[in-house]
Structure formats: structure tokens, C-alpha cells
Amino acid sequence: MSKFHTLKIKEIKQETEKAVSIAFTVPTDLASTFSFIPGQYITLKTEIKGEEVRRAYSICSSSSSTELRVAVKAVEKGLFSNHAVSILKEGDSLDVAPPEGKFVLETNAANTKNYIAFAAGSGITPIMSMIKSVLTQEMSSKFVLVYGNKSEEDAIFKAELDALVATYPKQLEIQYVFSKKLHDGALFGRIDKSVTNLLVKNKHKNISFDGYFLCGPEAMINTVTETLKENNVEAGKIHFELFSVAEATGSDATKNLDGNSLVTVVLDDEETTIEVSKKEILLNAMLDKDLDAPYSCQGGICSSCIGKVTEGKAVMDNNAILTDSEIADGYILTCQAHATTDKLKIDFDDV
């Protein structure tokens, strides 16, 4: 299970009017703990107005650098994001969990590959790490980025991305897409079926891409994924991470649940048994009982709260992370799961 470490903020950089990037000072003895694969995220923990708040943010640094940096965009009613953009300052400290996540691009200096990414808004953050890592570690590989925003001013990292294109013109190509303002060289609108087809069927029809990386809102990811599959792209080559999902209303199986379950939780080599209503989210019940279960987003879009069912059964309201085979092996997102049997055992240590 991930352990939090207190890290000092080394730098806060204003990226756009509503977004900042935050770099942390990582002590030498924690360097290996915070090494990461491009695409991974870290969970930040702090106290705001007397409430403990945890949020997951993707790393935007190159994995070959010594920097640990994330980007945070303020969202309406976002407790942590608005605190980060408006209140946090250099020299402050946050509790930070080591990198994790399954949305990754593992680089290899011997690779000669072609990658394409579709990112919208703050979905650029993990993609930025992938781009910088590929450019510096796979000198024979190429990267195409399709990046959507409302306008040029809203595009996080735009100046840095343009500088990378100037430095690596043979390796990196960017197609900007803006929905509110026209800009030279950019497409007007959103990343939709027509934009996806333009890039893969026309502009880059002669390129065989080894990996497709999608990050942004659920609607964009669904549209791009469907379009890629229509173009005969293998499902195994399509990798995605959601930054937001439609609100879960609960599955039919969840709505019909009744009664309680005796849930045994294996956490840090200790077993604790609690009684939980089958209608209640398992993670919420654990936290209410003061169990230090791992979690971050609580929305089913990160992997921090994964547990393994070793006895009994559970059902999830929403899942954007686990594969069918992982579910078959008993893994669940506890922030989305309900017990369906009278007895249930969940192991956090065997994940």
C-alpha cells in the first residue's frame, strides 16, 4: 500500500490563467521511491478547512529528468484545485504518495516507433510526460499530438510544446484544435470523429502507429476510440485515461441490493471485519470506520483504491480502469463497489 511522504514545493509556475504546475523537492533518499513511468500520477494530500483532501494529478516531467512536477487546473467547486491555484506557494509542503497508474508509455532507447496522442484540456498532463520522455529517450521514434482547447490562451504547456517542436522538428508534430477562437494552423472545433479521421486517414495515412494515447473527458475518449476502431486500429493499441466521467447512477444490480454484509478488510497485514450495508460504497464504509484504506479520486478514474476480493462477491457502479481479466481475477475499485454476498473479504496488500 502506498505511503505518503511530506515533500516541499520547489516551484509553482503559472501555466494559464486557471492552471499551474507544481514542482516538488525530492530528497536523495526518496529518489527511487518517486521514480516513475511516463503517464503515471501521484496522489497529493493536505488539510483544507479542517478536512483531509486527496487528489490524483498526473506527472508532466520527463522520466529521465530529476524533476517531479504535476499540473493542476482550477475547476468550478474544485476544493483542492482552487486551493492549489490560489493559495499554495513555494516553500509549502504537501503529503505525496509514490507514483502509480496504468496509463503508461514505457520507453526504450532501442525503439523506432510512431505514437499518436489525443488530449483535451488538462488531459495534456500525462501526455506531456510521454512526449518529453520519447523525445529524449527514443531518438528514432516520432510523436504526433492532437491537442484540443477552447483557445490558445487556455492551452496548458503551449509555449513549451512549441519550443519542443522547434527543437525536435523531425520527431514531434502537433495539431492544435480550438473550439472558441480561430488561430493560424489550428483546426476549429473539437476533437471529434472528423478530426480523428483527418489525422489517421488523411494527414498521416501512411504511418502505422504503434500506440494511441487518449486523455481527457469521457465523451472525447469514447468518440476517438470508436473512430479508431472503425479504422481497424487494434483495441490493444488504444490506451486511455479519463479526467472526468459521467455521474454514475448505479447499476441495476446495485439498485436491487438489500441487507448487510460482513466485510473483512486485509490492510497493512491486519484484518478488520465491519458490517456494511450492501447499498453502501465499500470504500466509504471503510473510511467511516477509520480504516486507512488507499484512495484518491473517489470517482473510478484512478487506480489508487484497487482491492482484491478473495471471498464473496462485489459489483461496481462504474469502471474505467480494470480490464475484464482483472475483474475475473477478483480486482475491484472499492470507491465504486458494493458487496453482493453476506460475507466478503477484500485484500489491499495483494494488489
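Attention in this report is confined to the structure presented alongside it. Bear in mind that the values here come from a model prediction, so they are computed numbers and not experimental data. (Residues numbered from 1 in each chain as written. Predicted model: local features only at pLDDT ≥ 70, side-chain atom pairs only at ≥ 80, totals over all residues. Heavy atoms only, no water.)

## Details of the sheet that holds strand 2 (residues 19-25)
One open sheet accounts for 6 strands, arranged 4-3-6-1-2-5; its pairing is antiparallel. Single-partner strands in this sheet number two, and they are strand 4 (51-58) and strand 5 (68-73). Within the sheet, the average angular offset between the axes of one strand and its neighbour, ignoring direction, is 40°. Where strand 3 (residues 41-48) and strand 4 come together, 8 bridges link them in antiparallel fashion. Across the sheet, the residue bridging to I42 is Y57, located in strand 4. Packing of helix 1 (residues 79-86) onto the sheet brings it into contact with strand 2, strand 3, strand 4, strand 5 and strand 6 (93-96), and relative to strand 4 it is tilted by some 80°. (Pairing = 2+ DSSP bridges. Helix = DSSP H or I, 4+ residues; strand = E, 2+ residues; numbered from the N terminus. Axes fitted to C-alpha atoms, helices over the stretch in contact; angles between N-to-C directions. Contact = heavy atoms within 4.5 Å.)

## What about the sheet that holds strand 13 (residues 260-267)?
Here 5 strands make up an open sheet; going across it, the order is 14-13-19-15-17 and the pairing mixed. Edge positions in the sheet fall to strand 14 (270-277) and strand 17 (331-333), since each has one partner strand and no second. Within this sheet the neighbouring strands show an average axis-to-axis angle of 35°, counted without direction. Pairing of strand 13 with strand 19 (residues 343-347) involves 5 bridges; the strand directions are parallel. Its bridge partner lying in strand 19, V263 is registered against L344.

## Quick word on the side chain of K278
You can see K278 is positioned in the loop between strand 14 and helix 7 (282-288). If we skip the residues at most four places from it in the chain, K278 touches L257, D258, G259, N260, S261, H338, A339, T340, T341 and D342.

## Details of the nonpolar core
The biggest cluster of nonpolar side chains holds 30 residues, and the ones touching the most others in it are I124, I127, I131, F143, L145, Y147 and L161. For this core, the elements supplying multiple residues, two or more each, are strand 7 (114-120), helix 2 (124-137), strand 8 (142-149), helix 3 (158-167), strand 9 (172-178) and strand 11 (211-217). Examining the composition of this core, we find that 7 residues originate from one element, helix 2, more than from any other. In terms of nonpolar packing, the next biggest core, distinct from the first, is built from 27 residues, Y331, L333, A339 and I346 among them. (Core = buried A, V, L, I, M, F, W, Y, C linked by side-chain atoms within 4.5 Å. Buried < 20%, exposed > 50% of the residue type's maximum accessible area, 1.4 Å probe, protein only.)

## Here we look at the side chain of K45
Within the secondary structure layout, K45 lies in strand 3. Buried and without a salt bridge, K45 has E52 as its closest oppositely charged side chain, separated by 4.4 Å. Excluding residues that lie within four positions of it along the chain, K45 makes contacts with F4, E52, V53, R54, L94 and D95. (Lys, Arg positive; Asp, Glu negative; His and termini not counted. Salt bridge = Lys/Arg side-chain N within 4 Å of Asp/Glu carboxyl O.)

## As for unusual backbone geometry
Residue N232 is not a glycine yet carries a positive backbone phi of 65°. Looking at where N232 falls in the secondary structure, it is placed in the loop between helix 5 (218-230) and strand 12 (238-244). On the accessibility criterion, N232 (69% relative accessible area) is exposed. Positive phi values are uncommon outside glycine, yet Q298 reaches one of about 60°.

## Considering the pattern of salt bridges
Taken as a whole and judged by the stated rule, the model has 15 salt bridges. Here E67 ties to R69 by a salt bridge, and the two come within 3.0 Å at their closest N and O atoms. The exposure class of R69 is buried, given its relative accessible area of 10%. Among the salt bridges present, the one from K158 reaches E152, with a minimum N-O distance of 3.4 Å. One salt-bridge network, held together by shared partners, links E11, E67 and R69.

## With respect to a negative patch on the surface
Together, D268, D269, E270 and D349 line one region of the surface with negative charge. Counting through the fold element by element, E270 comes out in strand 14. Classification of E270 by relative accessible area gives exposed; the value is 55%. (Patch = residues over 30% accessible without salt bridge, like charges linked within 9 Å, V, L, I, M, F, W, Y side chains within 5 Å. Areas by Shrake-Rupley, 256 points an atom, 1.4 Å probe, with all protein chains shown as cover. Charge placed at Lys NZ, Arg CZ, Asp CG, Glu CD.)

## A word on the packing of helix 2 against helix 3
Running from N to C, helix 2 and helix 3 point in directions that differ by 20°, and their axes come no closer than 12 Å. Judged on the interaxial angle alone, helix 3 and helix 2 are roughly parallel. In the crossing of helix 2 with helix 3, the sense of the turn from one axis to the other is left-handed. Across the interface between the two elements, I124, M128, I131, K132 and L135 of helix 2 pack against E160, L161 and L164 of helix 3. Looking at side-chain class alone, the contact of helix 2 with helix 3 contains 6 nonpolar, no polar and 2 charged residues. (Parallel < 35°, antiparallel > 145°, perpendicular 65-115°, else oblique. Left-handed = near helix turned anticlockwise from the far one by under 90°. Nonpolar A, V, L, I, M, F, W, Y, C, P; charged D, E, K, R; others polar.)

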